[in-house]
Amino acid sequence: MPAQQNKKCAHPACHCQARPGSDYCSTYCEGEAKTADIQCNCGHPACAH
Ligand SMILES: [Zn+2]
Ligand SMILES: [Zn+2]
């Protein structure tokens, strides 16, 4: 199957889809992925609180 689009962001608390070519949806998640936050603050609607 093609490797694209349907991969979840690698941030443990993020519900977004990762960007094509990235393991994360945003630079926020890239920076915070090592931190086991209980919530994601990437700003995308899927993670709005
Ligand atoms: Zn998120
Ligand atoms: Zn994310």
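Here goes a summary of the coordinates provided. (Residues numbered from 1 in each chain as written. Chains lettered and ligands numbered in written order. Predicted model: local features only at pLDDT ≥ 70, side-chain atom pairs only at ≥ 80, totals over all residues. Heavy atoms only, no water.)

## Here we look at the overall build of the protein chain
Thought 1: Counting its regular elements, the protein chain contains 1 helix and 0 strands.
Thought 2: Taken across its 49 residues, the protein chain has 31% of its residues classed as buried.
Thought 3: Of the contacts formed within the protein chain by residues at least 6 apart in sequence, a portion of 22% connects residues at least 24 apart.
Thought 4: Accessible surface computed for the protein chain: about 3,500 Å², of which carbon and sulfur atoms make up 53%. (Helix = DSSP H or I, 4+ residues; strand = E, 2+ residues; numbered from the N terminus. Buried < 20%, exposed > 50% of the residue type's maximum accessible area, 1.4 Å probe, protein only. Contact = heavy atoms within 4.5 Å. Areas by Shrake-Rupley, 256 points an atom, 1.4 Å probe, with all protein chains shown as cover.)

## Focus: the environment of cysteine 42
Thought 1: When you line up the elements, cysteine 42 lands in the segment after helix H1 (27-32).
Thought 2: We classify cysteine 42 as buried; its relative accessible area is 15%.
Thought 3: Between the alpha carbons of cysteine 42 and cysteine 25 there is a distance of 8.0 Å; along the sequence they are 17 residues apart.

## Comments concerning the nonpolar core
The nonpolar side chains of a soluble globular protein tend to be buried, and buried together.
Thought 1: One finds Cys9, Cys14, Cys16, Tyr24, Cys25, Cys29, Ala33, Cys40, Cys42 and Cys47 forming the largest nonpolar core, which totals 10 residues.
Thought 2: Once residues within four sequence positions are removed from consideration, cysteine 29 is found in contact with Cys9, His11, Cys14, Tyr24, Cys40 and Cys42. (Core = buried A, V, L, I, M, F, W, Y, C linked by side-chain atoms within 4.5 Å.)

## With respect to the coordination of the zinc ion (ligand 2)
Thought 1: Every protein donor of the zinc ion (ligand 2) is accounted for by Cys9 (SG), Cys14 (SG), Cys25 (SG) and Cys29 (SG), and the metal-donor separations fall at 2.3 to 2.4 Å.
Thought 2: Taken together, the 4 donor atoms coordinating the zinc ion (ligand 2) and their angles of 102 to 119° define a geometry best described as tetrahedral.
Thought 3: Mapped onto the polypeptide sequence, the residues donating to the zinc ion (ligand 2) form the spacing pattern C-x4-C-x10-C-x3-C.
Thought 4: The distance between the zinc ion (ligand 2) and the zinc ion (ligand 1) comes to 3.5 Å, with cysteine 14 serving as a donor to both metals. Taken together, the residues span a long stretch of sequence, with cysteine 14 in the segment before H1 and cysteine 25 in the segment before H1 at a distance of 11 residues. We note that cysteine 14, like cysteine 25, is buried. (Donors = N, O, S within 2.8 Å, 3.2 Å for Na, K, Ca; no water. Tetrahedral: all angles 85-135°; square planar, octahedral: opposite > 155°, others 65-115°.)

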